[in-house]
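Examination of the molecular architecture
Here's the letter readout for the chains.
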Amino acid sequence: GRRFVLKVMHPARERSLIDFQCDALRHLAQTAPLLSLSRVQTTSTGKPVTLVPMPGREGGAMTERLVWMLSFVEGTPLAEARPQTDEMLLSLGRFLGSMNEGLNGFTHPASNRDFKWDLSRAEWALGSLQHIADPSRRDLVLRGLTLFRSHVVPSLPHLRRSVIHSDANDYNVLVNGPDAEPRQVTSVIDFGDM
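The shown structure was predicted, so the numbers you read here are calculated from the model rather than taken from an experiment.

Spatial strand order, S5-S6-S7: three strands in an open sheet with antiparallel pairing. Each edge of the sheet is formed by a strand with only one pairing partner; in this case those strands are strand S5 (76-77) and strand S7 (185-188). As defined by bridge partners, S5 adjoins strand S6 (residues 173-175) across two bridges and the pair is classed as antiparallel. Note on S6: the bridge partner recorded for Thr-76 is Val-175. Its contacts with the sheet place helix H2 (residues 86-103) against S6 and S7, and it is angled at close to 45° to S7.

Written out as structure tokens, the structure reads:
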């Protein structure tokens, strides 16, 4: 009667990034126990992550894959929830605020990685402007990145910095069922982009 999510990682996935996610979820279980989040399930030997030999593509040579398991969290992706009410979106802000408060003080060596989705490192996009075909849109992005470089970058060393979920898109946010009143955000999944 219990459901789980088994995560089988790509062979190139760094172990430290899975450890980062597991440690963050365990930290949140302690600091924000009322939030409905997936819980890390351990192996019979008490490990959160293990290596499992698996065949390669199309019956190729065996490779070892990092495997870990989470408890399943019930919900409907926000993308599929209709209508999306102001109360539902307000509950998203409350949930993310509570989760970020729970992550306050959490640190992990893997959080200091070169990561394109880290908004404080947005300047990487300057090297990709040629992929924007419309000159007016390309100029708009260039203006935004120029303002970022001149106004934000000099302030970054003086701002607080912490680990956040960073990927609360409408497929990673779960809401309660269509019969619930009021419909609201009940969980967030996928901590891979912290």
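Our focus in this paragraph is the pattern of salt bridges. Counted according to the given criterion, the structure contains eight salt bridges. Residue Asp-23 is joined to Arg-26 by a salt bridge in which the shortest nitrogen-to-oxygen separation is 2.4 Å. Note that Asp-23 and Arg-26 are positioned in helix H1 (residues 15-31) at a spacing of three residues, about one turn of the helix. Its relative accessible area of 36% is what places Arg-26 among the partly exposed residues.

Moving on to the packing of H1 against H2. It is at 9 Å that the axes of H1 and H2 come closest, and there the two elements cross at 100°. Overall, the two elements H1 and H2 adopt an arrangement that is roughly perpendicular. Packed against H1, whose contacting residues are Ala-24, His-27, Leu-28 and Thr-31, the element H2 presents Met-99, Gly-102 and Leu-103 at the interface. Each residue belonging to the contact of H1 with H2 can be placed in one class, and the counts come to four nonpolar, three polar and no charged.

Attention now goes to the pairing of strand S4 (residues 62-71). Moving residue by residue along a regular strand, the side chains alternate between the two faces of the sheet. The pairing of strand S1 (residues 4-8) with S4 spans five bridges and is classified as antiparallel. Along S4, the bridge assignment pairs Val-5 with Leu-70. Bridge count between strand S2 (residues 40-41) and S4: two bridges; the pairing is antiparallel. Across the sheet, Val-40 pairs through a bridge with Leu-70, a residue of S4. Where strand S3 (residues 49-55) and S4 come together, seven bridges link them in antiparallel fashion. When the sheet's bridge partners are listed, Thr-50 is paired in S4 with Val-67. What sits between the antiparallel neighbours S3 and S4 is a turn of six residues, in which Glu-58 has the positive phi angle 50°.

Attention shifts here to the environment of Pro-157. Tracing the chain through its elements places Pro-157 in the loop between helix H3 (135-152) and S6. Judged by relative accessible area, Pro-157 falls into the exposed class, the value being 66%.

What counts and how
- Residues numbered from 1 in each chain as written.
- Predicted model: local features only at pLDDT ≥ 70, side-chain atom pairs only at ≥ 80, totals over all residues.
- Heavy atoms only, no water.
- Pairing = 2+ DSSP bridges.
- Helix = DSSP H or I, 4+ residues; strand = E, 2+ residues; numbered from the N terminus.
- Contact = heavy atoms within 4.5 Å.
- Axes fitted to C-alpha atoms, helices over the stretch in contact; angles between N-to-C directions.
- Salt bridge = Lys/Arg side-chain N within 4 Å of Asp/Glu carboxyl O.
- Buried < 20%, exposed > 50% of the residue type's maximum accessible area, 1.4 Å probe, protein only.
- Parallel < 35°, antiparallel > 145°, perpendicular 65-115°, else oblique.
- Nonpolar A, V, L, I, M, F, W, Y, C, P; charged D, E, K, R; others polar.

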